[in-house]
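Structural characterization, general
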Amino acid sequence: MLSHSIWIVGTSRSGKTTRLVKQFCDWVQHDNQVHELFYTKKAKLKASTSLSWDIQQAKPGVLVLSANDDNRRDLGDKIVTNTQGKYPIRVKTPLGFFQDDIILFWPLLIQLLNLKAQFPVRLRPETEQELATKLWRSHLDEEILRRAGVNEYRLVRRILDLMQLAAYSGTPCENIAQVLQTGLEDNNVNLEPEFLASLLLDWRNWCLERGLLTYGIITELYSQHLLNHENYQQHLAKRYQVVIADDVDEYPGVVRKLFELLLDQGAIAAFSYNPDGGVRLGLGADPEYMAGLARRCQIETLMGLAPASLAQRLATPMIQSLSEPIILSSGLPPMVQSIQTTSRAQLLRQTSEVIVNAIKSGQVQPEQVAIIAPGLDAIARYTLTEILTKQNIPVESLNDQRPLISSPPIRALLTMLALVYPGLGRLVDRDAVAEMLVVLSRKPEPPETLTTPPSPQSPVPSPHSPLPTKIDPVRAGLIADYCFVPHPDHPNLLPVTSFERWDRIGYAATTAYSEILQWLEEQRSQQELRLIPSPISLLDRAIQRFLWNGSNLPYDQLAALRELLETAQHYWEIDTRLRQSKGVGETGKEFITQDSPVNTPIVEFIQLLRRGTITANPYPLRPIGSVKKAVTIATIFQYRSSRRFHQWHFWLDAGSPLWAKGGAATLFGAPLFLQDRLGQPWTAEDEELAEQTRLERILTDLLSRVSQKIYLCHSDLAVNGQEQLGPLLPLVHASVSMELETAES
């Protein structure tokens, strides 16, 4: 019998998602065979005898999966819009689906694994890193770190990534040592696979004893225990009769096991697959293994490359030139130009000037321009943003996740914690106090002033423009010099009158400082009387009193404050769980006990933030209303993941060797856990071939996402002063240089 499921193959922007949605609409509205299939399955599952069963009455469960959260929302919106919301769907990412079902069926796992009956708590990656470091610290001595060739932070992250990669591939934690033993035999890794695997087993068991879940543990529990359980399989069959999966080339290999189980139980499915995708290859995705599902489906190939793109004209010669530069001896077409400079600073300025001139002359609109780079450092983002913003050209930086500690309001709130709670004096100094006074004395912007639309001539405000402050930095420094009293346990702020010439501070600054001082004294008194439930409550009070105060804060500040409160809530939730279980691992090492100093979590929380491991996205995930009219700045990985499309592309650092890496670091050991070569050694030849294949996919994908012009932006020297000799250099030399074009004109 011919399968009802469909496998849609197409390149980037060839209409795969649209075809998925259309297929689902056809199923639920027109396909009588699918109605019959639903009826038969429903009858078997619920022993129904009704012969008039109808799809609209029964509302079969529909599982919709997408590769990442942004695409998940877009796909869900399209399906709901096209079906007018008549059919219930569940839209998730694969890992989100695993997590929900692990929590839903946690009582079953308690019985299967003989776990303690407690509600599970998911660990964030930064908390996972910190706790694993504490658990393993006695094993990771200087000798181990020297042999590994990396610092403690990198080594712990590598080991944790191995567990996640193994789970994504469906490999049990107990088999990691075997995979590493065969896969790392030809590599210069001086750590025994058994040692790494034993650390991971200790970590997994330690977490399960306390009901703590990481992404790796969630995936392993789902694939190794839940998905193999007959009771769960029956529930799965009842819940889902239709599967819609977009961009399965981005999914980890373990998801194929879920799909095959649903197909075996009679579900119908529609999958989309991009042979030029694989954006997350090296981060857990296994596109080749997922492609094996095509054998169980009717294959439909969307012919042709993306419409209105440069892929059809440029993809073949550009890809061929990577191995045979002579192919481009006659040069690239005029829609590909280059901007070439000696230093990177010159490159950033000239690239910005070309964009400004093009927008001001009306050749292109800001929302039609994208700047794409294999890696974007803070200097490049800042320089491009500042130059364009000063010319009234707004900028949207995709997923620009800055460390929370880089936000002045966050630093001010942490200083405030150190002044209220005892024992934190070593975490605060004179400069931190001065900054706190400046931030907490800012004058809130009245909401009504923000509702007036700016005039076309008014400059575009920078997202980091500070609000007016009552205590300027100079006065704040004077107050900190004369009124701050350092102390390891009880740092204090004295009244402003203790400053001999306090009258020079001014009325506004004196009043603001007195209000801050009075508020701090009130909080200290309440803390001594145990009237502050937790540091989270104190942070919320400070935000309400000094930062919010009924005003409309910029989005970047709101995002940072929200992330701070969510991080604090998560941190103290984990701390409470560990104190309840007394924090004893299998090694007998106690690092959190009920007798620990009461403010130790606050110290560790502040230190965690200061290490820069917590970030917040300062821009909305989705624009409200129409598309934001701004120039897009993104890395290759961010741009491809977001599935954007622009008229003009500026490929920054075109001579960088990072283009072959795909703009995202490959996790240590990732090739060892691909199903087609599980545990096989990864050689230098394999790496070279993988980089070549990855670069070909990147070029095809990016060319499918641009329609008019490409600027190859190259500087002879990188940021570190080294000469750039990346794989795209033949394209740079074969393109028309901007200087040459100017001279001829």
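Located above this text is the structure these notes cover.
What counts and how
- Residues numbered from 1 in each chain as written.
- Predicted model: local features only at pLDDT ≥ 70, side-chain atom pairs only at ≥ 80, totals over all residues.
- Heavy atoms only, no water.
- Helix = DSSP H or I, 4+ residues; strand = E, 2+ residues; numbered from the N terminus.
- Contact = heavy atoms within 4.5 Å.
- Pairing = 2+ DSSP bridges.
- Axes fitted to C-alpha atoms, helices over the stretch in contact; angles between N-to-C directions.
- Phe/Tyr/Trp six-rings, centres within 6.5 Å; stacked < 30°, edge-to-face > 60°.
- Buried < 20%, exposed > 50% of the residue type's maximum accessible area, 1.4 Å probe, protein only.
- Expected span 1.5 Å × (residues − 1).
- Salt bridge = Lys/Arg side-chain N within 4 Å of Asp/Glu carboxyl O.
- Core = buried A, V, L, I, M, F, W, Y, C linked by side-chain atoms within 4.5 Å.

Attention now goes to the side chain of threonine 385. Structurally, the position occupied by threonine 385 is in helix H18 (residues 378–390). Apart from residues lying up to four places away in sequence, threonine 385 is in contact with Val395 and Ile633.

Moving on, we get to the sheet that holds strand E3 (residues 89–92). Within the open sheet, the 6 strands sit side by side as E3-E2-E6-E7-E1-E8. Their pairing is parallel. Either end of the sheet is taken by a strand with one partner, and the two such strands are E3 and strand E8 (298–301). Averaged over all pairs of adjacent strands, the angle between their axes in this sheet comes to 15°, without regard to strand direction. Bridge analysis of strand E2 (residues 62–65) against E3 gives 4 bridges, and the strand direction is parallel. Of the residues in E3, the one forming a bridge with valine 62 is isoleucine 89.

So, about the packing of aromatic side chains. Tallied over the full model, the rule gives 22 aromatic pairs. Centroid distance tyrosine 222 to tyrosine 232: 5.7 Å. Interplanar angle 85°. Geometry classified as edge-to-face. Taken together, the positions of tyrosine 222 in helix H12 (residues 215–226) and tyrosine 232 in helix H13 (residues 230–239) put the pair 10 residues apart, joining distant regions of the chain. For tyrosine 222, a relative accessible area of 1% translates into the label buried. Ring geometry for tyrosine 571 and tryptophan 572: centres 5.7 Å apart, planes at 65°, overall edge-to-face. Here tyrosine 571 and tryptophan 572 have matching classes, each one buried. Taken together through their ring pairs, the aromatic side chains of Phe97, Phe98, Phe105, Tyr222, Tyr232 and Tyr240 make up a single cluster.

Over its 14 residues, helix H1 (residues 16–29) extends 20 Å from the first C-alpha to the last, a length consistent with the 20 Å expected when each residue adds 1.5 Å. In terms of residue burial, H1 counts as a mostly covered element, since 10 of its 14 residues are buried. Taken residue by residue, H1 has Lys16, Thr17, Arg19, Leu20, Val21, Gln23, Phe24, Cys25, Trp27 and Val28 as its buried positions.

Okay, the pattern of salt bridges next. What the rule picks out here adds up to 43 salt bridges. For arginine 90, the salt bridge identified is with aspartate 100, shortest N-O distance 3.2 Å. In this pair, arginine 90 sits in strand E3 while aspartate 100 sits in helix H5 (residues 94–104), placing the two residues 10 residues apart along the sequence. When its relative accessible area of 22% is taken as the criterion, arginine 90 is described as partly exposed. Given the relative accessible area of 25%, aspartate 100 is considered partly exposed. The residue arginine 124 makes a salt bridge to glutamate 566 at a minimum N-O spacing of 3.7 Å. Of this pair, arginine 124 sits in the loop between strand E4 (121–122) and helix H7 (125–136) while glutamate 566 sits in helix H24 (residues 555–581); the two residues are 442 residues apart in sequence, bridging distant segments of the chain. Taken together, the shared-partner salt bridges connect Arg90, Lys92, Asp100, Asp101 and Arg239 into one network.

A word on unusual backbone geometry. Look at arginine 13: it is not a glycine, yet its phi comes out positive at around 60°. With respect to the helices and strands, arginine 13 occurs in the loop between strand E1 (6–9) and H1. Overall, arginine 13 belongs to the partly exposed group, its relative accessible area being 29%. The phi torsion at asparagine 392 lies on the positive side, around 65°, for a residue other than glycine. Checked against the element boundaries, asparagine 392 lands in the loop between H18 and strand E11 (395–397). When its relative accessible area of 32% is taken as the criterion, asparagine 392 is described as partly exposed.

What follows covers the nonpolar core. Core analysis: the biggest nonpolar cluster contains 86 residues, and Phe97, Trp136, Trp203, Tyr222, Leu236 and Phe259 have the highest contact counts within it. When sequence neighbours within four positions are dropped, the list of residues in contact with phenylalanine 97 reads Leu63, Leu65, Arg90, Lys92, Tyr222, Tyr232, Leu236, Tyr240 and Leu258. If you look at the next biggest cluster of nonpolar residues, it comprises 60 residues, including Leu404, Ala476, Phe484 and Ala512.

As far as function goes, none of this settles anything; it's purely spatial.
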